[in-house]
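# A closer look at the structure
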Amino acid sequence: SQVSFEEESQNPPAVGHWKPLMPSKGDKEEPEGGCQDAGGVHDPQSTEQLNVSRLRSSSVEIREKGSEFLRDELHKAQKELKLKDKECERLSKVREQLEQELEELTASLFEEAHKMVREANTKQAAAEKQLREAWGKIDMLQAEVTALKTLVITSTPSSPNRELHPQLQSPSKAGFRKGHGRNKSTSSAMVSAASQNVAPEPVSRECKEVDSTLFAEFQAWKESPTLDKSCSFLDRIYREDVGPCLDFTKQELSELVRVAVEQNTLTIEPVASQTVPVGKVAAEECGGPKKCALSGLPRTCKHRIMLGDSGNYYYISPSCRARITAVCNFFTYIRYIQQGLVRQDVELMYWEVMRLRREMSLAKLGFYPSEM
């Protein structure tokens, strides 16, 4: 009877006990009561199945968490990719803008460089022209200075050099006879009126007396010689001699002549030795061989003047030429004094200035040599 009881305990009946194939999570913590009730012995097969179910549930959780993590990473990567695409697009626009600005800057630099080269070439050509003109004027002035030095050394108002002044009839008619006059230059006429051959006059002793006011004004000017007409010496001569002498009928042209004389840019030349340039002389404005441009009267014009480098010639009558020549000779002499080329006593220079003023006075009254 004891043996039969043990066999029955080892093989319990199936009625009233069942075992699930896939236990739930709640079953994990509750051991099978039937087995324990039957004698406390675990079934190896059920334990193995329980472990398998646990592994499967863990793998499912891992896969879910892994897929969720990958989705988050993918979403982040997509966002970063979009941001990088936008950044690339922005940088591409910046590069295109910089390239366009660089092209415009290069074009403007080339244009500016070409402009600067053109301006430099123009300035260089103008400078070369001015240099050539300056060298020509320097050569002319050097020749004039040499001639003036020779004249000053060998001729004085009291004892003029008759070889340099063949027009003088006698020593008593001396007095620095146009030593400063130039045969052809930009500051004075061909030859001054007093340098021409004049009719013989009776030899007489000329009495002279120094005017204290005029001499004081000349001495003050001689201390600091200048061509500014605001000083008392030149102001008086402008009012009394230069102004009336250059006051012609054609006021506008008279003003241009006065300015040219002051600036040393007046040229007088004989008509017979020059041919009139085509298109440079207006018959009505510049007169003609039979009409004076300054007086507007019908006169035989043997000379013509040019003001500066204008290229326009104006025909002038002998009387107008004598008046212009007298003023030019006065300015030429005071320029020589200003430059220190006249080395004489102050009184001798004063009397030479007075003689030149007398020539301007005679010329403005209409007196001039017949050779004019």
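Basis of the calculations
- Residues numbered from 1 in each chain as written.
- Predicted model: local features only at pLDDT ≥ 70, side-chain atom pairs only at ≥ 80, totals over all residues.
- Heavy atoms only, no water.
- Helix = DSSP H or I, 4+ residues; strand = E, 2+ residues; numbered from the N terminus.
- Buried < 20%, exposed > 50% of the residue type's maximum accessible area, 1.4 Å probe, protein only.
- Contact = heavy atoms within 4.5 Å.
- pLDDT = per-residue confidence, 0-100.
- Pairing = 2+ DSSP bridges.
- Salt bridge = Lys/Arg side-chain N within 4 Å of Asp/Glu carboxyl O.

## Let's talk about the overall build of the chain
The helix and strand tally for the chain stands at 9 helices and 3 strands. Helices and strands in the chain line up, N terminus first, as α-α-α-α-α-α-α-β-β-β-α-α. Burial status across the chain gives 31% buried among its 372 residues. Contacts spanning at least 24 positions in sequence make up 69% of the contacts within the chain whose residues lie at least 6 apart.

## Focus: the confidence of the model for the chain
Scored by pLDDT, the chain has a mean of 76; 69% of the residues are at 70 or more. By mean pLDDT, helix α3 (residues 33-38) is the weakest element of the chain at 45, and helix α6 (residues 232-245) is the strongest at 94. Here residues 1-10 is a poorly scored stretch, pLDDT under 50, and it has 1 contact once near neighbours within four places are set aside; other chains count. Confidence drops under pLDDT 50 across residues 13-41; counting only partners more than four residues distant or on other chains, this segment forms 21 contacts.

## Some points on the pairing of strand β3 (residues 313-316)
The alternating pattern of β3 places Tyr313 and Tyr315 on one face and Tyr314 and Ile316 on the opposite face, and all of these are buried. By the bridge criterion, 4 bridges tie strand β2 (residues 303-307) to β3 in an arrangement that is antiparallel. Within the sheet, the bridge partner assigned to Met306 lies in β3 and is Tyr313. Linking two consecutive strands that pair antiparallel, namely β2 and β3, is a turn of 5 residues; a positive phi of about 65 degrees is found at Gly308 within it.

## What about the pattern of salt bridges?
Tallied over the entire structure, the rule returns 12 salt bridges. In this structure, Glu240 and Arg357 form a salt bridge, with 2.6 Å as the shortest nitrogen-oxygen distance. Of this pair, Glu240 sits in helix α6 while Arg357 sits in helix α9 (residues 346-364), and the two are 117 residues apart along the sequence. Using a relative accessible area of 31% as the deciding quantity, one classes Glu240 as partly exposed. Under the relative-accessibility criterion, Arg357 is labelled buried at 9%. For Glu359, the salt bridge is made with Arg355, and the minimal N-O distance between the two is 2.5 Å. Of this pair, Glu359 and Arg355 are both found in helix α9, 4 residues apart, which corresponds to roughly one turn of the helix. Of the two residues, Glu359 and Arg355, both sit in the buried class.

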